[in-house]
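Observations on the model geometry
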Amino acid sequence: MSRSGRPVGSGRSGGSLLLIALLSVAQLWAQDARAIVAEAQRRTASQSQHYEGLLQVFDSKGTIADKRWTLDRIGSHGNSKTILRFTVPAEVKGVALLVVNHPNRASDQWMWTPGIERDRRIALQDRSQRFFGTDFSFEDMEERDVDQFDYTLAGEEDVEGAACWRIESVPKQTKTSQYTRSIVWVRKETYTAARIDNYVKNEVVRRLIYSDLQNVQGIWTARRLEMSDLRRGSRTRLTLDKLVYNLPMKDEDFTLQALRRP
Amino acid sequence: MSRAGYAVWVAAVVTTCGAAPVAAQPITYRGFVEARGVVFPQDTFNDTQNVVADFLGRSELFAQPRQWLQLAAGAELRANSHDQVDDRWRPDIADRGTLRPRVSIRRLTATLTRGPLTLDAGKQFVRWGKTDIVTPTDRFAPRDFVNVIDNDFLPVRGVRGVLEIGAHTLDAVLLPFFTPSRLPLFDQRWTPVGGGFIGREQDPSFPERSQAGVRWGYAGSGYDFSVSFFDGFNHLPNIEPDVSYGPPSIVAGSIGPIEIPIRKGYPALRMYGGDAAVPTRWFTLKGEVGSFTSSTPLSDDFVLYVVQLERQKGEWVFVGGYAGEAVTARRAQNAFAPDRGTSKSFIGRASYTIDVNRSAAIEGAVRQNGDGVYAKGEFSQARGSHWRVTVSGVFIRGEPDDFIGQFRLNSHVALALRYSF
């Protein structure tokens, strides 16, 4: 007997049951959260993607600078490669970025600068830096993969009138990231991201809003992405034009040699 | 290949391009026109022109008539207020002149892709190495040193094949034609002289043997390295008085400088090199080394190496390092060698992005013995999608017998206005 008069075994047993029940619920929610993200990833999978992007950078004073790029991607998510080439403004025309994504670790990235005719590898510790004066960082140019994060379902919320799951994602140890964690809102109806808040420790540092949702070749796609750098007070809007999925593309067009070809 | 042969080859490439259906040709272009003014507050013994205006127009066109074929062509147009540009309008393809050409073909390349193999043939740029400040293994990249500080790369003519399989890259280059670096003009301020002597270049001669090199690279998970081999000639010459022209002529009563016949010789060069980039938690460590031997008499054997650290922090980018040299056999008398001249130096650069349109940068080099100091500050402002104005100031001090210090009278400020398209 315990001093309280309750049987010890009974108390321990009750506590264990409660703990097991709580763990089970947490595991279930975690599984649900992962399943949601996995389903979202499955629905956006494609063999390739091409679009022309308009980037509008608004600084804290409201000044706008326009940039344009073309993006080609082969594969999806953690098994994809992307080449992005700037076309506007004229002085950065030809600058290109090759991103080789991996399902279980951070991507490899190289940048080609035609002015000096050289490629440069973007080091992991430099991935948090702004990508060409935009509010996207080099890391934000990666394709996220469901296996790179641990998930917890943190609740349900509406985002701009759309019912969403609110999911916390924490990068696994193998995934080097500038972000401590992210909160992702996933639309229930289409399994597409509506918003991502990226945290460094307990501070939201970058917020990505997905809007102008359209069904393109059977894939629900946000045609407008707006990334805000909350520490700088600036934001960048990316609008996707001429978006096409599943164009025939070749692996050899996503190499370092292909990067230096305009 | 003779000049005529080269012209036939170019014509064949152009014809191939023309035979392709127009609808299948994604064509892109880029270029700029730039006007630049430089003010030198100090006179030198051989140059009292304190203001120099320069104009450069550059345009490049790229076409892909077939999935496996890409064609590139580029041209430059130049003008200068200080006789640094050749007066002739004939397009220059060899890039061997003492003066900058009025019109030059900057790029004329056919690129063929087949699986993992890429073949570039024609006039092109070939860059090797990883470091930024001094690049010992960058042997196929001669430069225009007419203004030593603001130098630019010159294209080379030849064939390059690159085989890229997974993380491995094998790069082979063959250059049948030699392209020298363009030196400072002997009668201008970037050729420092003393004692009343000025060099006068005699008819130039260039190596006729082909140059070749091979480089194997590996891009690992988070690190890169490569090893390379080069057999050819130094694009930076030895400079020797040409005794075949007799002693310098001294005109009685002349108060001007005495002219000495000068011959530029491009020594044979063999290089065994390597480079690596290793990101660490705090910075990226880059290193590059080249060991050079020469079979040409009166040319040095030496080792050049660079250790460089890079770091981005917020809007700042920092690059700093040390360039060193070890002479293993000293035989040369006089050579124009900015790569070796800036060795045994601590070198650094810091750039800051102020906002989406403005940036600033400072860079500098200090010889380890303190005999030469170079510092440059630059501010750049973009306007709209096309215009950019850049203001820069360069400060140089040092001893007359130091490579950097010899330009101590060439501190200057510059203003450049560029329209990109």
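Bear in mind the structure is a predicted one, so any value in this text is a computation, not a measurement. (Residues numbered from 1 in each chain as written. Chains lettered and ligands numbered in written order. Predicted model: local features only at pLDDT ≥ 70, side-chain atom pairs only at ≥ 80, totals over all residues.)

**Here's the deal with the overall build of chain A**
The helix and strand tally for chain A stands at two helices and 13 strands. When each of the 262 residues of chain A is scored for burial, the buried share is 39%. For chain A, contacts bridging at least 24 residues in sequence account for 44% of all contacts bridging at least 6. (Helix = DSSP H or I, 4+ residues; strand = E, 2+ residues; numbered from the N terminus. Buried ≥ 20, exposed ≤ 12 C-beta atoms within 10 Å, placed from the backbone. Contact = placed C-beta atoms within 7 Å.)

**Digging into the overall build of chain B**
Secondary structure assignment for chain B yields two helices and 23 strands. By the burial criterion, 36% of the 421 residues in chain B qualify as buried. Intrachain contacts of chain B at a sequence separation of at least 6 include 59% that bridge at least 24 residues.

**Brief notes about unusual backbone geometry**
Residue and element names in this part refer to chain A. Residue Val-88 is joined to Pro-89 through a cis peptide bond whose omega torsion reads 0°. Although it is not a glycine, Phe-132 sits at a positive phi angle of roughly 50°. Mapped onto the secondary structure, Phe-132 falls in the loop between β6 (118-121) and β7 (149-159). Look at Lys-201: it is not a glycine, yet its phi comes out positive at around 55°. Along the polypeptide, Lys-201 turns up in the loop between β10 (193-200) and β11 (203-216). Of the residues examined, Lys-201 has 8 C-beta atoms within 10 Å and is grouped as exposed.

**Structural notes on the confidence of the model for chain B**
All names here are of chain B. Looking at chain B as a whole, its pLDDT mean stands at 88, while 90% of the residues score no less than 70. Considering only residues more than four positions removed or in separate chains, one finds that residues 1-24, a stretch of pLDDT under 50, has twelve contacts. Complex prediction metrics read pTM 0.85 and ipTM 0.82. (pLDDT = per-residue confidence, 0-100.)

**Overview of the confidence of the model for chain A**
Looking at chain A, the pLDDT average stands at 87 and 88% of residues meet or exceed 70. Low pLDDT (under 50) marks residues 1-13 of chain A, which in the prediction has four contacts with non-local residues, meaning those over four places away or in another chain.

**Thoughts on the environment of Val319(B)**
All names here are of chain B. Position of Val-319 relative to the elements: it lies in strand β18 (residues 316-329). The class for Val-319 is buried, based on 21 C-beta atoms found within 10 Å. Each C-alpha atom, one on Val-319 and one on Ala-110, is 35 Å from the other, the two residues being 209 residues apart in sequence. Each residue touching Val-319, except ones within four places of it in the same chain, is listed here: Asp-132, Gln-308, Glu-310, Gly-348 and Arg-349.

**So, the environment of Gln67(B)**
All names here are of chain B. Mapped onto the secondary structure, Gln-67 falls in the loop between β2 (51-66) and β3 (69-80). For Gln-67, a count of 11 C-beta atoms within 10 Å corresponds to the exposed category. Spatially, the C-alpha atom of Gln-67 lies 9.6 Å from that of Arg-114, the residues being 47 residues apart in sequence.

**Here we look at the environment of Tyr223(B)**
Residues and elements named next belong to chain B. Inspection of the secondary structure puts Tyr-223 in the loop between β11 (211-219) and β12 (224-233). A residue is classified by how many C-beta atoms lie within 10 Å of it, and Tyr-223, with 16 of them, is partly exposed. Sequence separation between Tyr-223 and Arg-36 is 187 residues; the distance between their C-alpha atoms is 40 Å. What Tyr-223 contacts, discounting residues up to four positions off in sequence, is Ala-277, Val-278 and Pro-279.

**Remarks on the nonpolar core**
Core analysis: the largest hydrophobic core is formed by 46 residues, its most contacted members being Leu98(A), Ile167(A), Val186(A), Ala193(A) and Tyr210(A). Ranked by the residues each element gives to this core, the list is headed by strand β4 (residues 96-100) of chain A, at four residues. (Core = buried A, V, L, I, M, F, W, Y, C linked by C-beta atoms within 7 Å.)

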